[in-house]
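For reference, the chains in residue letters:
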Amino acid sequence: DAGITQSPRHKVTETGTPVTLRCHQTENHRYMYWYRQDPGHGLRLIHYSYGVKDTDKGEVSDGYSVSRSKTEDFLLTLESATSSQTSVYFCASRTSDKNTGELFFGEGSRLTVL
Amino acid sequence: RKEVEQDPGPFNVPEGATVAFNCTYSNSASQSFFWYRQDCRKEPKLLMSVYSSGNEDGRFTAQLNRASQYISLLIRDSKLSDSATYLCVVRSRGSSNTGKLIFGQGTTLQVKP
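In this report, the structure presented in the accompanying data block is examined. (Residues numbered from 1 in each chain as written. Chains lettered and ligands numbered in written order. Predicted model: local features only at pLDDT ≥ 70, side-chain atom pairs only at ≥ 80, totals over all residues. Heavy atoms only, no water.)

A separate point is the pattern of salt bridges. Residue and element names in this part refer to chain A. Per the stated rule, a full pass over the model turns up nine salt bridges over all chains. Among the salt bridges present, the one from Asp-73 reaches Arg-22, with a minimum N-O distance of 3.2 Å. Residue Asp-73 is located in strand E8 (residues 73–78), and its partner Arg-22 is located in strand E3 (residues 19–25); the two are separated by 51 residues in the primary sequence. The partly exposed category is assigned to Arg-22, whose relative accessible area is 36%. Overlapping salt bridges, with partners in common, bring together Arg-22, Lys-70 and Asp-73 in one network. (Salt bridge = Lys/Arg side-chain N within 4 Å of Asp/Glu carboxyl O. Helix = DSSP H or I, 4+ residues; strand = E, 2+ residues; numbered from the N terminus. Buried < 20%, exposed > 50% of the residue type's maximum accessible area, 1.4 Å probe, protein only.)

All names here are of chain B. The antiparallel open sheet is built from five strands, whose spatial order is E1-E3-E8-E7-E6. If you trace the sheet from one side to the other, it starts and ends with strand E1 (4–6) and strand E6 (55–57), each paired once. Pairs of neighbouring strands in the sheet enclose a mean axial angle of 20°, with direction left out of account. Here E6 runs beside strand E7 (residues 60–65); their pairing, made up of three bridges, is antiparallel. (Pairing = 2+ DSSP bridges. Axes fitted to C-alpha atoms, helices over the stretch in contact; angles between N-to-C directions.)

Here we come to unusual backbone geometry. Cis rather than trans, the peptide bond between Ser7(A) and Pro8(A) has omega equal to -10°. Positionally, Pro8(A) belongs in the loop between strand E1 (4–7) and strand E2 (10–13). Cis geometry marks the peptide bond from Gly9(B) to Pro10(B), where omega comes out at 10°. The residue Pro10(B) is located in the loop between E1 and strand E2 (11–14) in this model. In this structure, Lys53(A) takes a positive phi of about 70° despite not being glycine. Here Lys53(A) lies in the loop between strand E5 (42–51) and strand E6 (54–57). Here Lys53(A) falls in the exposed class, since its relative accessible area comes to 65%. For Asp77(B), which is not glycine, the phi dihedral falls at a positive 50°. Checked against the element boundaries, Asp77(B) lands in the loop between strand E8 (70–75) and strand E9 (84–92).

All names here are of chain B. With respect to the helices and strands, Thr-61 occurs in strand E7. On the basis of relative accessible area, Thr-61 is assigned to the buried category, the value being 15%. Reaching out from Thr-61, the side chain makes a polar contact with the side chain of Arg-76 at a distance of 2.8 Å. Dropping the residues within four chain positions of it, Thr-61 is found in contact with Asn-55, Glu-56, Ser-72, Leu-73, Leu-74 and Arg-76. (Polar contact = N/O pair within 3.5 Å; in protein donor to acceptor, adjacent residues only side chain to side chain. Contact = heavy atoms within 4.5 Å.)

Within the structure shown, the criterion is met by twelve aromatic pairs over all chains. Ring geometry for Phe90(A) versus Phe105(A): centroids 6.1 Å apart, planes at 90°, classification edge-to-face. Residue Phe90(A) is located in strand E9 (residues 87–94), and its partner Phe105(A) is located in strand E10 (residues 104–105); the two are separated by 15 residues in the primary sequence. One exposure class covers both Phe90(A) and Phe105(A), and it is buried. With a centroid separation of 4.8 Å and an interplanar angle of 45°, the aromatic rings of Tyr25(B) and Phe33(B) are classed as tilted. (Phe/Tyr/Trp six-rings, centres within 6.5 Å; stacked < 30°, edge-to-face > 60°.)

Okay, the state of the cysteines next. Covalently bonding the sulfur atom of one cysteine to the sulfur atom of another cysteine gives a disulfide. Counted according to the given criterion, the structure contains two disulfides over all chains. Disulfide pairing places Cys23(A) opposite Cys91(A) at an S-S distance of 1.8 Å. What sets the handedness of the Cys23(A) and Cys91(A) disulfide is the S-S torsion sign, and at about -75° it is left-handed. Of the two residues, Cys23(A) is situated in strand E3 and Cys91(A) in strand E9; the sequence distance between them amounts to 68 residues. Between the sulfur atoms of Cys23(B) and its disulfide mate Cys88(B) the distance is 1.9 Å. Its S-S torsion of approximately -70° makes the covalent link between Cys23(B) and Cys88(B) left-handed. Of this pair, Cys23(B) sits in strand E3 (residues 19–25) while Cys88(B) sits in strand E9, and the two are 65 residues apart along the sequence. The residues Cys23(B) and Cys88(B) share a single accessibility class, namely buried. (Disulfide = S-S within 2.5 Å.)

This is the structure:
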């Protein structure tokens, strides 16, 4: 399995506080992604990155920002957490091979916003 | 309308049964198609890619129908260990030519003894 880790794995926070989730991969993958997973919605793309300092929005980007200052790290920030952002967040990465769809996922970060 | 749609199920089948899942996609420019498997409270993992001519991997067969914009997954001789959620994934050309991967909400399979 690809080396991709997320931190923290669990977090409980209060509405209005900032939260940063970290994703770290050791595979030198060019592309990295943040998804959230909720019952009835499946996995929804928040933001993705196609290189250092190159990011783009996904389908549910409002309220989230990302940064990628190094190939191995992709940070997801909730500037002011809301209860609707309670979810399980998955980070993923893949190679630059355009023929592959294989995403390697981290184990997920469970965020609860009270 | 969601870009990728699946029947969430659950599909409850006995061991040894054959079961099929369908998935429809709305973007006719979609390029690539995949099935992922996700076990309860775990991360998704690639099960198989879906090729235009259809492809098989052991008990699993995937097919693509571009004209009708759907893909399917057939599981033969179901095992208890096949119990999981199966996610349909479609790759479309992103605004930065990156190929965004869009997931369906998943179909849950429960195989009973």
